[in-house]
Amino acid sequence: MMMELAHQTTAFAVLLTAFVATTTESHSLLPFTVVDMTYDLTNNNTFGSKPFHLSSGGSGVLDRHSGISYMYNIFTSNEHSGTHMDAPSYIYSNKAAVNEFSPNDLIGDAVVIDVSTLVGDNADYEISEEDLLNWEQVNGQIPDGSILLINTGWGKFYPDRATYLGSDTDDVGKHHHPGLAPEAAQWLTRRRSVKMVGIDTPSVDYGQSTSLKSHQTFLKNDIPLLENVANMAKLPTKGAIVFAMPMKIADGTGAPTRVFAVITEWVDSASGESSYTLALLFASTIITLVYHV
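Residues numbered from 1 in each chain as written. Predicted model: local features only at pLDDT ≥ 70, side-chain atom pairs only at ≥ 80, totals over all residues. Heavy atoms only, no water.

1. Some details on the environment of Thr201
Argument step 1. One can find Thr201 in the loop between strand E9 (196-199) and helix H6 (213-220).
Argument step 2. The class for Thr201 is buried, based on a relative accessible area of 0%.
Argument step 3. Separated by 118 residues in sequence, Thr201 and Thr83 have C-alpha atoms that sit 9.6 Å apart.
Argument step 4. Within the local environment of Thr201, its side chain forms a polar contact with the backbone oxygen of Ser203, the two atoms lying 2.7 Å apart. (Helix = DSSP H or I, 4+ residues; strand = E, 2+ residues; numbered from the N terminus. Buried < 20%, exposed > 50% of the residue type's maximum accessible area, 1.4 Å probe, protein only. Polar contact = N/O pair within 3.5 Å; in protein donor to acceptor, adjacent residues only side chain to side chain.)

Written out as C-alpha cells, the structure reads:
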C-alpha cells in the first residue's frame, strides 16, 4: 500500500512539475478563471414594482465588557430584481417554479453571441434570426444543451436607470433597450436545443414589447431566462461553464440569481494557443490518483 502511494505521489509530482513548467507570466497556475456575472443588489440599482430594499433590522450585545455585538438587516424585493431568473411559471402557472430546477439544470456550457456592434446605441434593436444564422456561419452551430448568452453591450449603461431602461420611470411603455426578436426566439426553440437563455438587458424582449412574446416562447418550452447579466464581455465565445443559482423560493416565478462563469479553456494571451488538453489531463490525473489512494 505504501509503495503504491509512493508511486502515485511521484507520478503526481512529475505531472505537477511538467504542468508548472509550461506556464508563463501570462498564465495563472490554475487552469481556470472565475467571472462574476451578477450585479450587487442595492437600494439604488434595481427597478420595477417593489424593487429590492435593504433596511436595518436590529442588533444586540453579545459581550458587554468587550463591546462585541451583532446586527442584522431586513430586505424586501420582488422576485425579478437585479440579476435574476424568470421561471416558466412566470407566465405559465402550470409549469416549473424556480425551486423546481435541479442544480444540474442550472449549469451548462456557455455560448456567447456578441451582437454589440450590431446594436450600437440603437435602444430598440431586436436580435433577429438572421443575426443568429450569421453568427453560426462564423462560429459554428449553437451546441445542444448550452446556456446561450446574448451580449448586446447594453450592460455598459447599468445602473444608469435613464439610459439602461430608456426612461427614468417604471412606465414600461417608455422603456427602450435591446432584446431578442420573437421570430429569433421561435427559431431557437424549433431549430436548436438550448437549456437557458441570458441577456445583459432588463428583459429578453426589447423595451417596447407589451406582450413579451419572446418570453412566452422560451418559457412555454421550459427554457428559463436570465436578465441583467453582468460582464458578458469577459467570457470567450465558447469554453466557459455558467452556473446560474437562483434563490430557492418555493413556487417562485423567478428569483435574484448568483450567476458566475468558469472559463475552463486556458489560452495563452501571447500566442492564443490553448492548454485546455493539458488542463484536462492534469485534472483527470488528480482525480485518478485521489480515488486510487
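The structure having been displayed, the exposition proceeds.
2. Some thoughts on the pattern of salt bridges
Argument step 1. For the structure shown, the criterion picks out five salt bridges.
Argument step 2. The salt bridge partner of Glu136 is Arg192, with a shortest N-O separation of 2.7 Å. Of this pair, Glu136 sits in helix H3 (residues 129-139) while Arg192 sits in the loop between helix H5 (182-191) and E9, and the two are 56 residues apart along the sequence. Across the pair, Arg192 and Glu136 agree in class, each one buried. (Salt bridge = Lys/Arg side-chain N within 4 Å of Asp/Glu carboxyl O.)

3. Observations concerning a negative patch on the surface
Argument step 1. On the surface, a cluster of negative charge is made up of Asp124, Glu126, Glu129, Glu130 and Glu183.
Argument step 2. Asp124 sits in the partly exposed class, given a relative accessible area of 34%. (Patch = residues over 30% accessible without salt bridge, like charges linked within 9 Å, V, L, I, M, F, W, Y side chains within 5 Å. Areas by Shrake-Rupley, 256 points an atom, 1.4 Å probe, with all protein chains shown as cover. Lys, Arg positive; Asp, Glu negative; His and termini not counted. Charge placed at Lys NZ, Arg CZ, Asp CG, Glu CD.)

4. Let's talk about the environment of Gly145
Argument step 1. Mapped onto the fold, Gly145 is located in the loop between H3 and strand E7 (147-151).
Argument step 2. Accessibility expressed as a relative area gives 37% for Gly145, which makes it partly exposed.
Argument step 3. Taking the C-alpha atoms as reference points, Gly145 and Val194, 49 residues apart in sequence, are found 4.8 Å from one another.
Argument step 4. If we skip the residues at most four places from it in the chain, Gly145 touches Ser193, Val194 and Lys195. (Contact = heavy atoms within 4.5 Å.)

5. Brief notes about H5
Argument step 1. Buried residues of H5: Pro182, Ala184, Ala185, Trp187 and Leu188, and no others.
Argument step 2. Buried residues along H5 sit in contact with strand E6 (126-127), H3, E7, strand E8 (179-180) and H6.

6. Comments concerning the pairing of strand E3 (residues 68-76)
Argument step 1. In the sheet, strand E2 (residues 53-63) pairs with E3 via nine bridges, with the strands oriented antiparallel. Residue pairing across strands places Gly58 opposite Tyr72, the latter belonging to E3.
Argument step 2. What sits between E2 and E3 in their antiparallel hairpin is a turn of four residues, with Gly67 showing a positive phi close to 80°. (Pairing = 2+ DSSP bridges.)

7. Some points on the packing of aromatic side chains
Argument step 1. In the structure shown here, the tally under the stated rule is five aromatic pairs.
Argument step 2. Geometrically, the ring pair formed by Trp154 and Phe157 is edge-to-face, given 4.8 Å between the ring centres and 75° between the ring planes. Residue Trp154 shares its accessibility class with Phe157, and that shared class is buried.
Argument step 3. Put simply, the rings of Tyr39, Tyr158 and Tyr164 touch in pairs and so form one group of aromatic residues. (Phe/Tyr/Trp six-rings, centres within 6.5 Å; stacked < 30°, edge-to-face > 60°.)

8. So, the packing of H3 against H5
Argument step 1. Remark: H3 packs on H5, axes separated minimally by 8 Å, with the N-to-C direction vectors making an angle of 50°. Between H3 and H5, the angle is such that the two are oblique. For the pair H3 and H5, contact is made by Glu129, Leu132, Leu133 and Glu136 and by Glu183, Ala184, Trp187 and Leu188, respectively.
Argument step 2. Looking at side-chain class alone, the contact of H3 with H5 contains five nonpolar, no polar and three charged residues. (Axes fitted to C-alpha atoms, helices over the stretch in contact; angles between N-to-C directions. Parallel < 35°, antiparallel > 145°, perpendicular 65-115°, else oblique. Nonpolar A, V, L, I, M, F, W, Y, C, P; charged D, E, K, R; others polar.)

9. Observations regarding the side chain of Thr152
Argument step 1. Counting through the fold element by element, Thr152 comes out in the loop between E7 and helix H4 (161-164).
Argument step 2. For Thr152, a relative accessible area of 1% puts it in the buried group.
Argument step 3. Of note is the side chain of Thr152, whose polar atom sits 3.1 Å from the backbone nitrogen of Trp154.
Argument step 4. Not counting the four nearest positions on each side in its chain, Thr152 is found in contact with Val115, Ser116, Val119, Ile127, Pro178, Ile199, Asp200 and Thr201.

10. Things to note about a nonpolar patch on the surface
Argument step 1. Together, Leu62, Ile68, Tyr70, Tyr72 and Ile74 make up an exposed nonpolar region whose accessible area comes to about 510 Å².
Argument step 2. It is E3 that contributes the most residues to the nonpolar patch, four residues altogether.
Argument step 3. Relative to the helices and strands, Ile74 resides in strand E3.

11. Some details on unusual backbone geometry
Argument step 1. Between Tyr158 and the following residue, Pro159, the backbone shows a cis peptide bond with an omega angle of 0°.
Argument step 2. By secondary structure assignment, the location of Pro159 is in the loop between E7 and H4.
Argument step 3. Phi is positive for Asp251, which is not a glycine, with a value near 65°.
Argument step 4. Its place among the elements puts Asp251 in the loop between strand E11 (238-246) and strand E12 (254-263).

12. Describing the side chain of Ser203
Argument step 1. Checked against the element boundaries, Ser203 lands in the loop between E9 and H6.
Argument step 2. Apart from residues no more than four positions distant in its own chain, Ser203 is found in contact with His177, Pro178, Gly179, Leu212, His215 and Glu227.

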